[in-house]
Amino acid sequence: MKVTAAIINEANKNYQLEALTLGELYSDEVVVKMVASGICQSDEVVRTGKSSITPLPAVMGHEGAGVIEKVGSAVKDLNVGDQVVMAYNYCGACPSCRTGHPSSCSQWTTLNLSGARPDGSHIFFKADGTPVSSFFAQSSFATYTITNVNNLIKVEPEVDLRLVGPLGCGLLTGFGTVVNGLQPKTSSSIVVFGTGGVGLGALMAANIEGCSTIIAVDIHDSRLEIARELGATHTINSSTEHLGERIAKITGSLGVNYSIDTTGISSVMKASIDVLAIAGVSAPVAISKDSIAFNTFKDLSLTNRKLIGVLMGDAVPQITIPQLIRYHNEGKFPFDKLVKFYKFNDINQAAADSTNGQTIKPIVIMDENYRKEEPIGI
Ligand SMILES: [Zn+2]
Ligand SMILES: [Zn+2]
């Protein structure tokens, strides 16, 4: 089967739209006709060479939504024509998967980042037979893709697939880091560093969970304005205001109960620990090559603070994504305010707008005929 995919041939180069061939469909896989896909920072860190975790050339994209075109022989609960959101793959058999923590799957890195199936076979091929890596077993920057059943979340026919792809990674990560990772107490205080898709997902979750002081920190005033619309009680522009002084004033010098860093910048990661109250908990979630130095006694033990790692929000996508759609319908998770739509051909513009801060969550549309009667203005 022939498909058009946006591929990265070399680090630090633009996406190129190329005709590729889809390989064999395995029994536990499906072919998805892509409708749309969000662009996430993790796509960009690979494209810009900040991470070489997946071998190039590669078809990126891991916030996809589409319609099932074909099912493998062992697929039971999904049918041709079903609408699906795509998240990450997991094995389903290891202790973490069995206890409801698929993002801690012992096979996670192999399944999602190695670029191939565990047996080494590939999904995509160039015309000359060169194999092309897939990403998150999903590769949603394509007109059609092959993905595993464990990647898929079936959604109701009335759900607009053009909007919901970002629920599969960035928003799931932000929401889950708060709800499953930090588990804030009612009326507690929380600070979110970085107001991209992950940070704003965390902020909306803090609002849902009943945090009474919700502080957003960024260097773009326009983003802080959106943070206020989404429920931030306080905002700090850390390029023009003194972070420590503002936090002290807001919290009566107690510090915050919870913090999240979504920036991956060393000084910000350290600040996200320094602003904690006694017994505060911090979760750094950005993909980053950078490290921080801290004193385990002074910065953690002495004040009973905790630093926790949370991958993909420690959520079960098949449970949390339908929940996020319900919250969105009830007006509690208005993530449509973060989104801007682009044509598939304009994927490089979408990526650039995301990196320079103009667009919080770009979504590229692969199928412009989907719900043509309800245009979204691209
Ligand atoms: Zn992502
Ligand atoms: Zn597993």
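Everything quoted here is computed from the prediction, not taken from an experiment.

Asks: Lay out the overall build of the chain in plain terms, naming residues and giving numbers.
Replies: Along its length, the chain carries 12 helices and 18 strands. Compactness check: the chain gives a C-alpha radius of gyration of 20 Å against a globular reference of 21 Å for 378 residues, within 12% of the reference. Taken over the C-alpha atoms alone, the chain extends approximately 60 × 45 × 40 Å along its principal axes. Within the span of the chain, comprising 378 residues, buried residues form 54% of the whole. In the chain, 69% of the contacts between residues at least 6 apart in sequence involve partners at least 24 apart. Accessible surface computed for the chain: about 15800 Å², of which carbon and sulfur atoms make up 51%.

Asks: An account of unusual backbone geometry is requested, with residue identities and associated values reported.
Replies: Trans peptide bonds make up most of the peptide bonds, and negative phi angles are found at most residues other than glycine. The peptide bond linking Leu56 to Pro57 adopts the cis configuration, its omega dihedral lying at 0°. Residue position: Pro57 is located in the loop between α1 (41-47) and β4 (58-59). Here Phe136, not a glycine, exhibits a phi torsion of approximately 55°, which is positive. Here Phe136 is to be found in the loop between β8 (131-132) and β9 (144-148). Given a relative accessible area of 5%, Phe136 falls into the buried group.

Asks: Please provide a residue-by-residue account of the coordination of the zinc ion (ligand 2), values included.
Replies: Reference values for angles at a metal are 109.5 degrees in the four-donor tetrahedral case and 90 or 180 degrees in the six-donor octahedral case. The protein atoms that coordinate the zinc ion (ligand 2) are Cys91 (SG), Cys94 (SG), Cys97 (SG) and Cys105 (SG), at distances of 2.3 to 2.4 Å. Metal-centred angles of 101 to 118° between the 4 donor atoms at the zinc ion (ligand 2) mark the site as tetrahedral. All donors of the zinc ion (ligand 2) come from a single chain, and their spacing in sequence reads C-x2-C-x2-C-x7-C.

Asks: Break down the packing of aromatic side chains for me, with residues and values.
Replies: The final tally for this structure, using the stated rule, is 8 aromatic pairs. Here Tyr88 and Tyr90 contribute two aromatic rings whose centre-to-centre distance is 6.3 Å and whose plane-to-plane angle is 65°, an arrangement assigned as edge-to-face. Residue Tyr88 shares its accessibility class with Tyr90, and that shared class is buried. A centroid spacing of 4.9 Å and a plane angle of 70° characterise the contact between Phe135 and Phe136, whose relative ring orientation is edge-to-face. Among the aromatic residues, those joined into a ring-pair cluster are Tyr88, Tyr90, Trp108, Phe135 and Phe136.

Asks: Just give me the short version of the coordination of the zinc ion (ligand 1), but keep the residues and values in it.
Replies: Those protein atoms acting as donors to the zinc ion (ligand 1) are Cys40 (SG), His62 (NE2) and Cys169 (SG), and they sit at 2.0 to 2.2 Å. When the donor residues of the zinc ion (ligand 1) are listed from N- to C-terminus, their spacing reads C-x21-H-x106-C. In this pair, Cys40 is assigned in the loop between β3 (29-38) and α1 and His62 in the loop between β4 and β5 (64-71), connecting sequence segments 22 residues apart. In terms of burial, Cys40 and His62 fall into one category: buried.

Asks: Residues and numbers for the sheet that holds strand β15 (residues 276-284), please.
Replies: Sheets are built from strands paired through backbone hydrogen bonds, the pairs being either parallel or antiparallel. Taken in spatial order, the 6 strands line up as β13-β12-β11-β14-β15-β16 in an open sheet, and their pairing is parallel. Whereas interior strands pair on both sides, the edge strands pair on one side only; in this sheet they are β13 (234-237) and β16 (306-307). Lying over the sheet, helix α8 (residues 243-251) contacts β11 (189-193), β12 (213-218), β13 and β14 (256-261), oriented at roughly 165° with respect to β13.

Asks: Quick rundown of the pairing of strand β2 (residues 16-22)? Include the residues and the values.
Replies: Pairing of strand β1 (residues 2-8) with β2, which is carried by 6 bridges, proceeds in the antiparallel orientation. Among the inter-strand pairings, Ala6 is bridged to a residue of β2, identified as Leu17. In the sheet, β2 pairs with strand β7 (residues 124-125) via 2 bridges, with the strands oriented antiparallel. Each bridged residue has a counterpart across the sheet, and for Thr21 the counterpart in β7 is Phe125.

Asks: Now, about the domain arrangement of the chain: what can you tell me, with residues and values included?
Replies: You can read the domains of the chain as domain 1 (2-168 + 335-365) and domain 2 (171-313). The C-alpha centroid of domain 2 is placed 29 Å from the C-alpha centroid of domain 1. Across the boundary between the two partners, domain 1 contributes 19 residues, which contact 16 residues of domain 2. Together, the buried faces of domain 1 and domain 2 total about 1500 Å²; carbon and sulfur atoms form 69% of this surface.

Parameters and conventions
Residues numbered from 1 in each chain as written. Chains lettered and ligands numbered in written order. Predicted model: local features only at pLDDT ≥ 70, side-chain atom pairs only at ≥ 80, totals over all residues. Heavy atoms only, no water. Helix = DSSP H or I, 4+ residues; strand = E, 2+ residues; numbered from the N terminus. Rg over C-alpha atoms; globule rule 2.2 N^0.38 Å. Buried < 20%, exposed > 50% of the residue type's maximum accessible area, 1.4 Å probe, protein only. Contact = heavy atoms within 4.5 Å. Areas by Shrake-Rupley, 256 points an atom, 1.4 Å probe, with all protein chains shown as cover. Donors = N, O, S within 2.8 Å, 3.2 Å for Na, K, Ca; no water. Tetrahedral: all angles 85-135°; square planar, octahedral: opposite > 155°, others 65-115°. Phe/Tyr/Trp six-rings, centres within 6.5 Å; stacked < 30°, edge-to-face > 60°. Pairing = 2+ DSSP bridges. Axes fitted to C-alpha atoms, helices over the stretch in contact; angles between N-to-C directions. Domains from an automatic or database assignment. Buried area = accessible area lost by both parts, 1.4 Å probe.

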